[in-house]
Amino acid sequence: MKFAIALFSAPHAPSSRRALRFAEAALASGHEIVRLFFYQDAVHNASNAAVPPQDELNLPAEWGVFVRHHRLDAVVCIAAALRRGVLNEEEARRYGRPSANLGEPWDLSGLGQLHEAAQMADRLVCFGGP
Amino acid sequence: MAKSLLLVSRQAPWSGPGAREALDIALAGGAFDLPIGMLFLDDGVFQLAPTQYPEAIQQKDLTANLQALPLFGVDSLYVAQRSLDERGLADTTLDLPVQCLDDAALRDLIDRYDLVITL
């Protein structure tokens, strides 16, 4: 089955962890993920600037490893990201910010990518709230 | 044929960017000519209250964006009667062509759509 996965919650929310575990389980069961789309506070899951305590789960780092390993199409909503200070090099330069905190394997793009993914997939699965 | 999407908007307009970001999904879908419906549920019904003064809390007015929904082809708009009742909002005070639904009709509505996003 083809899944599109949308995530809406911040990395410290349990739903972000559940989304990652769901995505891992989907691929492990032989399903396909057509796209991950991070919106609202979920954009922080794509930031490479988070420093959680060493003995705690580093979800943004885990997401990065997962996406890279499976070469997934992983899109972060650009408007939601800019609003929350999650920027790649290009946007940091465009808006005169001192540093970027988003890079490979993430793409910044628009909400059309969410709609396209939902249309392409057999199932859209959303994770948000607590 | 394109799959239909129901957007369930549950955030009050003053509770952060949630309401605006839910609306943006609907507007983007409308711009792509997708069959989009929008349901205002729980605190989301406060988005439809008349005479809001968002500038008093240094917020932008969401109502202009809401009124853009029909212009973007999103004219299947619904509100949960129970959510209105619980908050003392009368359906006659709403600013948009929104259809009021009771609990049974809400179930049917959600059943009718291929996809549902709740924010």
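Above this text is the structure in question.
Everything numeric in this text was worked out from a predicted model, so none of it was measured. In every chain, residue numbers begin from 1 and rise along the written sequence. Think of it this way: whatever chain is written first is A, whatever ligand is written first is 1, and the rest follow in order. Two thresholds apply to this predicted model, a pLDDT of at least 70 for residue-level local features and 80 or more for giving and counting side-chain atom pairs, whereas whole-chain, interface and lining totals are computed over all residues. The basis for the side-chain values is all heavy atoms of the structure; hydrogens and waters are excluded.

Caption draft 1: Geometry of the overall build of chain B. A run of H or I in DSSP becomes a helix once it reaches four residues, and a run of E becomes a strand once it reaches two; helices and strands are each numbered from the N terminus. Within chain B one finds four helices and five strands. Beginning at the N terminus, the succession of helices and strands in chain B can be written as β-α-β-α-β-α-β-α-β. Taken over C-alpha atoms, the radius of gyration comes to 13 Å for chain B, in line with the 14 Å a tight globule of 119 residues would show. For the C-alpha atoms alone, the extent of chain B along its principal axes is close to 45 × 30 × 20 Å. Relative accessibility thresholds used throughout: buried, under 20% of the residue-type maximum; exposed, over 50%; partly exposed, between the two (1.4 Å probe, protein chains only). Within chain B, buried positions represent 48% of all 119 residues. We call two residues in contact when some of their heavy atoms are within 4.5 Å. Pairs at least 24 apart in sequence give 73% of the contacts found in chain B among residues at least 6 apart. The accessible surface values rely on the Shrake-Rupley method and a 1.4 Å probe; as for residues, cover is taken only from the protein chains in view. Carbon and sulfur atoms provide 51% of the accessible area of chain B, an area that totals close to 5900 Å². Two residue types count as positive, namely Lys and Arg, and two as negative, namely Asp and Glu; His and chain ends fall outside the count. Taken as the charge centre is NZ of Lys, CZ of Arg, CG of Asp or CD of Glu, depending on the residue. The distance from the centre of the 8 positive side-chain charges to the centre of the 17 negative ones in chain B is 5 Å. The atom set for the radius of gyration is the C-alpha atoms, and the globule formula is 2.2 Å times the number of residues raised to the power 0.38.

Caption draft 2: Geometry of the state of the cysteines. Residue and element names in this part refer to chain A. Pairs of cysteine sulfur atoms within 2.5 Å are what we label disulfides. A complete count under the given rule lists zero disulfides over all chains for this structure. Cysteine Cys 126 is unpaired, with the sulfur of Cys 77 as its nearest cysteine sulfur at 14 Å. Classification of Cys 126 by relative accessible area gives partly exposed; the value is 27%.

Caption draft 3: Broad picture of the packing of helix α1 (residues 14-28) of chain A against helix α2 (residues 59-70) of chain A. All names here are of chain A. Lines fitted to the C-alpha atoms define the axes, with helices restricted to the stretch that makes contact. Angles between their N-to-C directions range from 0 to 180 degrees. Orientation of α1 relative to α2, taken along the N-to-C sense of each, is 20°, at an axis distance of 11 Å. Here α1 is positioned roughly parallel relative to α2, judged by the angle of their axes. Relative to α2, α1 is oriented so that their crossing is left-handed. The segment α1 lies against α2, with Ser 16, Arg 17, Ala 19, Leu 20, Arg 21, Ala 23, Glu 24 and Leu 27 engaging Leu 59, Glu 62, Trp 63, Phe 66 and His 70. Reported orientations rely on four angle classes, namely roughly parallel under 35 degrees, roughly antiparallel over 145, roughly perpendicular from 65 to 115, and oblique for the rest. Working rule for handedness: look at the near helix, and if it is turned counterclockwise from the far one by less than a right angle, call the crossing left-handed; if clockwise, right-handed.

Caption draft 4: Examining the interface of chain B and chain A more closely. Counting residues at the interface gives 19 residues for chain B, matched by 16 residues for chain A. Accessible-area loss on putting two parts together, using a 1.4 Å probe and summing over both, is the definition of buried area adopted here. Between chain B and chain A, the buried area comes to about 1400 Å², and carbon and sulfur atoms account for 62% of it. When a carboxyl oxygen of Asp or Glu lies within 4 Å of a side-chain nitrogen of Lys or Arg, that pair is called a salt bridge. Summed over the shared surface of chain B and chain A, the number is two salt bridges. Two residues, Arg 83 of chain A and Glu 21 of chain B, come together in a salt bridge whose shortest N-O distance is 3.7 Å. Elements that contribute at least two residues to the side of chain B that touches chain A include exactly α1 (18-31) and β5 (115-118) of chain B. Per-element accounting of the side of chain B that touches chain A gives the leading share, eight residues, to α1 of chain B. Taken together, the residues of the side of chain B that touches chain A sort by class into 13 nonpolar, two polar and four charged. Amino acid classes used here: Ala, Val, Leu, Ile, Met, Phe, Trp, Tyr, Cys and Pro are nonpolar; Asp, Glu, Lys and Arg are charged; the rest, including Gly, are polar.

Caption draft 5: Spotlight on empty space enclosed by the protein. Cavity: a set of points on a 1 Å grid over the protein atoms alone where a 1.4 Å probe fits but cannot get out. Pocket: an open set with protein on both sides within 12 Å along at least five of seven lines, its lining residues, like those of a cavity, having an atom within 4 Å of a point. Grid points are joined across faces, edges and corners, and a volume is the space filled by probe spheres set on the points. Overall, the coordinates contain two cavities of 30 Å³ or more when judged by the stated rule. Together, His 115, Ala 118 and Gln 119 of chain A together with Lys 3, Leu 5, Leu 34, Ile 36 and Leu 115 of chain B line the second largest cavity. Of the residues forming the lining of the second largest cavity, the biggest block, three residues, is contributed by helix α5 (residues 112-120) of chain A. A per-class count over the lining of the second largest cavity returns five nonpolar, two polar and one charged.

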